[in-house]
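Take a look at the letters that make up each chain.
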Amino acid sequence: MELLDKCINLLKEKGADKSEVYLTKEIKQEMNIHSGELKLLRTLEEYNLEMTAIIDNKKDTIKLSDIDEKSIEEAVSEVIHNAKNSQPDEANDISDVILEKDFQDKEVDMDINMMHKRLHNFISKVETDYRDLVIEEAILVYNDKYDYYANSNGVKLSSNSDNYSFFIMFFAKKENKTSSFNYTFTCTKDLEKELLELGALSDLLEQSIEHLEPKNLETKKITGEVIITPDCMNEMLSFLLTHLQSHYLISNISKFQGKLNEQVLDDKLTLKTEPDSEVLANKSYFARDGIVNKNDYIIKEGVLKNYLLDLYGSKKTGYERGPSTGVNLVMENGDKTYDEMINSIEKGIILSRFSGGEPAPNGDFSGVAKNSYYVEDGKIKYPIKETMVSGNLFEMLENIVAISKERVNNGVTLLPYVKFKDVTISSK
C-alpha cells in the first residue's frame, strides 16, 4: 500500500483532481510438458501497475510493468499530460464507497513434489490409456496473486489468493489420421485429485481419439436438437454477457436494454456471478474500479436481476454498478441426467466445441461444430466432421429444452449441459 500511496500523492502533486492506482503481484511456479516430456520448472514474479488521473472530468490510464521510481515518475507525467488532452466526460469518476479492507483466501501450501507427481502420473496415464493422444503442450502452475487498489477518495483494498491452474493443448494421431486440436483450462485449490479428474479433461481426451475417424452427416441438412457441453456453454455465455456489460448498454444496442426484473429468457435458466464462491477455486474480491464484487444473481428463473456494469458504465447509463462485471459464472443444474437428455433426441448433435465468429448483435450465429457427435433415436451414432451449426442464441436461451443435473467445475465456472431445439445442422 505504501507504493500506491506514493503514486496517489505524485498524481495529486502533478495536478490530478482524482486518481486511482491498481497493482497486481503474481508469483508463479510453473512446470511444463512439451512433446510428452516434463521439461521445465521455473519461478516467475510479475508486477503490473495501472494508474488513472482525472482532471476537469478528463481521464487517462497508463499501465506499466516496471515499478522502479524513475518508471513511475515518467508514467505519472505521461498520464497527467494525456488526461489534460483527452475529452471531458462527466461519467469519469472513482469510487466514493470509502472502505479499507483486506481479503484473504484460504491459503494452500505450494507443493512442488506434488506438482511433479501429478504431472508424472498424468503423462503415465496418457501413455497407457490414451495411446493415440499427442500432448502439444501442458502447463501446471501454482499461482500466488496479490491485488492492491487505492484512490484519492481514501478507498484502500487488498487481497491475496492462490490456486493451481492446468492448461493443456492436444490432438490425436494414428498412422495417417489426425484429429483437430483441442484445449482446456482448469483451476483448482489443491492437488488432492489427479489432473485427469479435473473439469472435463478425461472426456475431452477421449473425444480427440474418437475423432480420428469422424464422418459427414448422412443427411445433408437437418433442424434438430443440440446439447451444448459445459466447456462450449462457457463460450456461448460470454456472448450473452456482452449484452449486460458497459459497452453494449452505453451504446444502447443491448438486447436487454431497460429489461431489469423482466422475464427475458427461459425460466429454466438461473445464472449467478460468484466472485467469492465457496465452490470455485478462482477469486475476484474487487474490480479495477475499486468496488467490492459480491455474489448475486444475473438471471433468476429467466428474469434479469442485474446488469454487469462497471463504475463508468453505471455513471453513464444511470443503472446500478453490477455485483461484478461477469466473473465466476455458476448456472443452476436441472432435473434431467445427461443420459436422459441424449435418450430423448430424435435427431441432433452434442456440440463440444464451436469454431466461428462472435454472434451478430441480434444473436444470429454460424460456425463449425468441432469434437462433436451425431445423435439419432436417443443414441450417439458417430463423431462428425465438416458440420455447420447455425441459429439464434437468444431464441435458443428463450426456449431451453432441458438442463442437466450434472455440472462441470473448472475452477472458474460451474456449468451444466444444456439442450436446445430447432438448431440448423448441415454437412458438406
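Just so it is clear, the structure is predicted and the values come from calculations on it, not from any experiment.

A. The arrangement of the packing of aromatic side chains in detail. One pass over the full model with this rule turns up 13 aromatic pairs. Both rings, one in Y22 and one in F286, keep their centres 5.9 Å apart while their planes meet at 55 degrees; by these two values the pair is tilted. Residue Y22 is found in strand β1 (residues 18–34), and its partner F286 is found in the loop between β10 (271–273) and β11 (296–300); the two are separated by 264 residues along the sequence. On the basis of relative accessible area, Y22 is assigned to the buried category, the value being 6%.

B. Here's a closer look at the domain arrangement of the chain. Assigned domains within the chain: domain 1 (1–211) and domain 2 (215–427). The interface is formed by 41 residues belonging to domain 1 together with 30 residues belonging to domain 2. Across the interface of domain 1 and domain 2, roughly 2800 Å² is buried in total on both sides, 56% from carbon and sulfur atoms. Counting the surface domain 1 buries against domain 2, the share from its top three residues, Y22, A91 and H211, is 19%.

C. Main features of unusual backbone geometry. Positive phi outside glycine occurs at E175, with the angle close to 55 degrees. Along the chain, E175 falls in the loop between β6 (156–174) and β7 (177–178). Take E175: its relative accessible area is 71%, and that puts it in the exposed class. Its identity is not glycine, yet E386 carries a phi of approximately 50 degrees, on the positive side. Of note, E386 is situated in the loop between β18 (379–383) and β19 (387–392). A relative accessible area of 43% places E386 in the partly exposed class.

D. Structural view of the environment of I98. Mapped onto the elements, I98 comes out in the loop between α2 (69–84) and β4 (100–104). Judged by relative accessible area, which is 54%, I98 ranks as exposed. I98 sits 252 residues away from I350 along the chain, and the two C-alpha atoms are 49 Å apart. Once residues within four sequence positions are removed from consideration, I98 is found in contact with N153, G154 and V155.

E. Structural view of the pattern of salt bridges. The full count for this structure, using the stated rule, is 21 salt bridges. The shortest N-O distance in the salt bridge between D105 and K189 comes to 2.6 Å. Highlighted residues: D105 in the loop between β4 and α3 (112–129) and K189 in the loop between β8 (182–188) and α4 (201–210), separated in sequence by 84 residues. Residue D105 shares its accessibility class with K189, and that shared class is buried. For K419, the salt bridge identified is with E225, shortest N-O distance 3.5 Å. Of the two residues, K419 is situated in strand β21 (residues 414–427) and E225 in strand β9 (residues 221–228); the sequence distance between them amounts to 194 residues. Residue E225 is classed as buried on the basis of its relative accessible area of 18%.

F. How the structure looks around the packing of helix α1 (residues 2–13) against α2. Where α1 meets α2, the closest approach of the two axes is 10 Å, and the angle between their N-to-C directions is 40 degrees. Relative to α2, the element α1 lies oblique. Crossing of α1 over α2 shows right-handed handedness. Facing α1, whose interface residues are L3, K6, C7, L10 and L11, α2 presents E69, I72, E73, V76, V79 and I80. For the contact of α1 with α2, the per-class residue count stands at eight nonpolar, no polar and three charged.

The rules behind these values
- Residues numbered from 1 in each chain as written.
- Predicted model: local features only at pLDDT ≥ 70, side-chain atom pairs only at ≥ 80, totals over all residues.
- Heavy atoms only, no water.
- Phe/Tyr/Trp six-rings, centres within 6.5 Å; stacked < 30°, edge-to-face > 60°.
- Helix = DSSP H or I, 4+ residues; strand = E, 2+ residues; numbered from the N terminus.
- Buried < 20%, exposed > 50% of the residue type's maximum accessible area, 1.4 Å probe, protein only.
- Domains from an automatic or database assignment.
- Contact = heavy atoms within 4.5 Å.
- Buried area = accessible area lost by both parts, 1.4 Å probe.
- Salt bridge = Lys/Arg side-chain N within 4 Å of Asp/Glu carboxyl O.
- Axes fitted to C-alpha atoms, helices over the stretch in contact; angles between N-to-C directions.
- Parallel < 35°, antiparallel > 145°, perpendicular 65-115°, else oblique.
- Left-handed = near helix turned anticlockwise from the far one by under 90°.
- Nonpolar A, V, L, I, M, F, W, Y, C, P; charged D, E, K, R; others polar.

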